[in-house]
Amino acid sequence: MKKILIPLFSAAVMVSCGTANVSNDGNTPQNSTSTKAQGDKAFLSAYKEIKAGDLKKNLYVIASDEMEGRDTGSPGQKKAGEYMINYYKNLGISYPKALGSYYQKVPADFMKKRGGGNLPDSENILAFIEGSEKPEEIVVVSAHYDHVGTKNGVVYNGADDDGSGTVAVMEIAKAFQSAKKAGKGPKRSILFLHVTGEEHGLFGSEFYTDNPLFPLANTVVDLNIDMIGRDDPENRGKQYVYVIGSEMLSSELKVINEAANKKTNNLELNYKYDDPNDPEQLYYRSDHYNFAKNNVPVAFFFDGIHEDYHKPTDDVEKIDYLLLQKRTQLVFATAWEIANREARIIVDKK
């Protein structure tokens, strides 16, 4: 997220930033209560693929000094992107056919016209699993992979913001791919969307929604992950996650997410910021908003503003990897239900 005030619909806002019961450590699913449509065994097997150790392994690369803070269009960001693409290739997860590669170019001119200064060309990275029954309907799982770069020779690694969301999307993709390999791939298609330019103004997600690979009318939901690896002072030591926007456009999305939570890790779902009029204006401050303004239901998963936010001390050593695992599993369980239920979720609010 980004601490910049910009006008938005004449209001000044800040821009930036399955189902199974599990044990307290988030590692071992126990008793399944999945519906038949979901497939208990398939869900549980895929759910187990999301591991704290794997999240940590990937984050130690994505948020390493070698990536130089992943500023938009920088060599370090491109290195991080190459690592992610190789990860997807190794899993056997390809890109949308219409794109022709994992890259969606976000031109410098596009960003400059929106206040992006002299940022160079950059890229969104897209991986894709086609649905088995309703391939034209798209579930988006998103996170931004840029951060704020290097300042005065000091690397701002952005382990939480948004390295945590980046590796969560990668793990969720691995879980869905494992189900597909077992013959239980999602009924709807899943787009794993890593966007650029978020810190400078949500540029990558705006470019995607202006130039979607799949019609936005066919986009069922965007589950956006931006900072889920830490806790904030208000919730220190708690097993929680902030959820923002889940009932803004659909009366079903919040219900689905809460049900997925109760049947998995049963985190405390905190709705403190779940209001467009909240002073922090978090509903507008991450990439889900570009989907929401196009009438696509969204849920934004977030850990709060902690003391290392946008500081060079946002490092991998400070991540709570078990909590990161549990939050990632929640997003996966929510995506699994939305991707596999018979009817797409309704859009019945404005």
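Residues numbered from 1 in each chain as written. Predicted model: local features only at pLDDT ≥ 70, side-chain atom pairs only at ≥ 80, totals over all residues. Heavy atoms only, no water.

Student: Would you take a moment to explain the confidence of the model for the protein for this structure?
Tutor: Atomic detail in the predicted coordinates should be set aside for any region of low pLDDT. Looking at the protein as a whole, its pLDDT mean stands at 91, while 89% of the residues score no less than 70. Between residues 4–20, whose pLDDT stays under 50, and residues either more than four places distant or in other chains, the model counts 70 contacts. Scored below 50 in pLDDT, residues 22–38 makes 46 contacts in the model with residues more than four places away or belonging to other chains. (pLDDT = per-residue confidence, 0-100. Contact = heavy atoms within 4.5 Å.)

Student: Teacher, can you tell me more about the pattern of salt bridges here?
Tutor: It is possible for side chains bearing opposite charge to pair when their charged atoms get close. All told, the structure shown has 17 salt bridges when counted by the stated rule. For Lys272, the salt bridge identified is with Glu234, shortest N-O distance 2.7 Å. Of this pair, Lys272 sits in the loop between β11 (268–270) and α9 (288–292) while Glu234 is found in the loop between β9 (219–225) and β10 (240–244), placing the two residues 38 residues apart along the sequence. With its nearest N and O atoms 3.3 Å apart, the salt bridge here joins Arg285 to Glu280. You can call Arg285 buried: its relative accessible area is 2%. Bridged by salt links that share partners, the residues Asp54, Glu171 and Lys174 form one connected network. (Salt bridge = Lys/Arg side-chain N within 4 Å of Asp/Glu carboxyl O. Helix = DSSP H or I, 4+ residues; strand = E, 2+ residues; numbered from the N terminus. Buried < 20%, exposed > 50% of the residue type's maximum accessible area, 1.4 Å probe, protein only.)

Student: What am I meant to see in the environment of Thr166 here?
Tutor: Structurally, Thr166 can be placed in helix α5 (residues 159–181). You can call Thr166 buried: its relative accessible area is 0%. C-alpha separation for the pair Thr166 and Asp226, spaced 60 residues apart in sequence, amounts to 8.2 Å. Other than its neighbours up to four places away in sequence, Thr166 contacts Ile62, Met84, Ala143, His144, Tyr145 and His194. Among the polar contacts listed, one links the side chain of Thr166 to the backbone oxygen of His144, at a separation of 3.2 Å. (Polar contact = N/O pair within 3.5 Å; in protein donor to acceptor, adjacent residues only side chain to side chain.)

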